[in-house]
Amino acid sequence: MSAALHSTSLIANEKSPPDDMAAAATTATTTTANRKSPINGVNGIHLTADDATAMCVSSSPRRASNEDLVSQEMLSDSKPMENGVMFLREERLQAIHENLQPRLYSSKTWKELLLEEKFLNRLFFYFWPCERCLLAQVCSTWKRVLYQPIFWKDFTPILHRRDLYDTKAGGEEKKFTDLASFHLKGIESVCLVSVSDLDICEFIDNFPQSKKCTHAISLKRSTVTDAGLEVMLEQLSAVNRLELSGCNDFTEAGLWSSLNPRITSLGISDCINVGDDSVAAIAQRLPCLHELNLQAYHVTDNVMSYFTSKQSCSMAVLRLRSCWEITNHAILNIVHTLPHLHTLSLSGCSKITDDGVELIAENMHILKSLDLSWCPRITDASLEYIACDLPKLEELILDRCVRITDTGMGFLSTMSCMKTLYLRWCCQVQDFGLQHLYSMRTLQVLSLAGCPLLTSAGLSGLVQLRNLEELELTNCPGSSPELIQYFAVHLSKCVVIQ
């Protein structure tokens, strides 16, 4: 799926918020942030029944991921948080209001400011979607502001089967969860986990708006059959992006009968019945396919021969991951049938060699992203082909390419458009090879995680990469607290992951 999936389930039947701030009985907190809020650098709001307007600032340099849940410890106002949070009471809020109000807002007091929609529209952009779910329960004003579709763009709620039903006290009678808020928020994609054919039918029947407003759907670890897949795609007539992961009950016959030409993005992974015939169905049934993500252990070189001139112009993204049987013959078919790709991943296709990379470099000159991670047969020769013939390449992933050496780094140093380079666990790269990267001034993201031969002396030279925004040094022996401090001074805009 093109939209990122958040691991926190969105609870559809949200608690009804009170009408004003004083009556708010729900506590809302934020995780730490690396982005500053418009209210004078304040990162978030901590609301309780006793003091619904206390502000907090975090000392953490990085924001927690979308997958982090708000812990019970953080939700408790009986003791302070343990991550350096300082609570700013009325005096600080008044000072914030005095600084902001004359220039931007019409509110006369800081309490009015926290209910002014113009201010809230800016403030809520500094929270993750899972946090906004909590903030929407504070009061009706906040709920009205937060239910605007602009706050939920590209957000995909994950609903487990247990989330679809409200079980009453007896546990025998089930009532389907009210999902009306999805429509109000303009949510266009959904991920269903561990559902069956019947659950999917219940979802469509009890959430009729999904027939027109759902544009992307993902099924994970579900028991959907050929019949269920056909009904789902027939009923959800607006779906154009589909993902199936860990679904072992559908077959290639189901793909032949259910796939609709309107689908432009398809992802299939860990589905045991997917083989060459399944890819044939995809190629024949989806002439407008733009993106294909396929992870299947038993597909062969023949799969790429099924694609025709119909997909030649439309397909731009192809990711073949852990397709263990694919060899250089499949690469030959790719460069002939899909020459206009701008993103290609062969991650985990362990039989690909330098000859296959040479074919890619010679025939796919508009390629912008190439993933060769976990391809153990790749050597420095592949990097020479890439540097010579792929001048527009902006992203290169070489994780676990254990035969790459300092010589290969020299080839890469000539690539003037490279923005993202991953070299995780490239165990032969040393300081001498790293020096070649110092001249790659366009680099914005660099990962050297797990490179055991790099020292602090070699790593310190990376301060020459002034445009670097993210540097990963996880499990890198050359990383040290002194080096991190050195980066903090000389690469102040770069986030260092250690």
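That block above? That's the structure.
Engineer: I would appreciate a short explanation of the overall build of the chain in the present structure.
Structural biologist: Scanning the chain from N- to C-terminus turns up 20 helices and 19 strands. Evaluated residue by residue, the chain yields a buried proportion of 52% over its 498 residues. Counting only contacts in the chain whose residues sit at least 6 apart along the sequence, the fraction spanning at least 24 positions is 74%. Accessible area for the chain stands at about 21,900 Å²; split by element, carbon and sulfur atoms hold 51% of it.

Engineer: Any chance you could explain the pairing of strand β8 (residues 216–220) here in plain terms?
Structural biologist: In the case of a regular strand, side chains alternate between the two sheet surfaces. The buried fraction of β8 is high, at 5 of 5 residues. Burial of the side chains of β8 extends over both faces: A216, S218 and K220 are buried on one face and I217 and L219 on the other. As judged from the 5 bridges shared by strand β7 (residues 189–193) and β8, these two strands associate in the parallel manner. Paired with V193 across the strands is K220, a residue of β8.

Engineer: I would appreciate a short explanation of helix α15 (residues 354–363) in the present structure.
Structural biologist: Count 3.6 residues to each turn of an α-helix, and residues three or four apart come out pointing the same way. Every buried residue of α15 is listed here: D354, G356, V357, I360 and A361. One face of α15 carries all of its buried residues, which in axial projection span an arc of 160 degrees. Its buried side turned inward, α15 meets α14 (328–337), β13 (343–345) and α16 (380–389).

Engineer: Help me understand unusual backbone geometry in this model?
Structural biologist: What is expected of a backbone is that most residues other than glycine have negative phi and most peptide bonds are trans. Of note, the phi angle at S194 is positive, near 60 degrees, even though the residue is not glycine. Turning to its location among the elements, S194 is positioned in the loop between β7 and α8 (197–206). At D270, a residue that is not glycine, the phi angle is positive and equals roughly 55 degrees. Looking at the element boundaries, D270 is found in the loop between β10 (265–269) and α12 (276–285).

Engineer: What is the right way to look at the pattern of salt bridges in this model?
Structural biologist: Should the charged atoms of two oppositely charged side chains come close, the side chains can pair. Applying the stated criterion to the full structure yields 7 salt bridges. Note that E291 is salt-bridged to R319, the shortest N-O span being 2.8 Å. Of this pair, E291 sits in strand β11 (residues 291–295) while R319 sits in strand β12 (residues 317–320), and the two are 28 residues apart along the sequence. Its relative accessible area of 11% is what places E291 among the buried residues. Owing to a relative accessible area of 22%, R319 belongs among the partly exposed residues under this scheme. Taking the shortest distance from any N to any O, the salt bridge between R424 and E472 comes out at 3.0 Å. On the criterion of sequence distance, the pair formed by R424 in the loop between β16 (420–422) and α18 (431–437) and E472 in strand β18 (residues 470–472) is long-range, its members being 48 residues apart. R424 sits in the partly exposed class, given a relative accessible area of 25%.

Engineer: So what exactly am I meant to see when it comes to the side chain of S345 here?
Structural biologist: Relative to the assigned elements, S345 resides in strand β13. Side-chain polar atoms of S345 contact the side chain of D371, separated by 3.3 Å. Among residues more than four places away in sequence, those in contact with S345 are L318, R319, L320, R321 and D371.

Cut-off values and rules
- Residues numbered from 1 in each chain as written.
- Predicted model: local features only at pLDDT ≥ 70, side-chain atom pairs only at ≥ 80, totals over all residues.
- Heavy atoms only, no water.
- Helix = DSSP H or I, 4+ residues; strand = E, 2+ residues; numbered from the N terminus.
- Buried < 20%, exposed > 50% of the residue type's maximum accessible area, 1.4 Å probe, protein only.
- Contact = heavy atoms within 4.5 Å.
- Areas by Shrake-Rupley, 256 points an atom, 1.4 Å probe, with all protein chains shown as cover.
- Pairing = 2+ DSSP bridges.
- Arc of directions from axis to C-beta.
- Salt bridge = Lys/Arg side-chain N within 4 Å of Asp/Glu carboxyl O.
- Polar contact = N/O pair within 3.5 Å; in protein donor to acceptor, adjacent residues only side chain to side chain.

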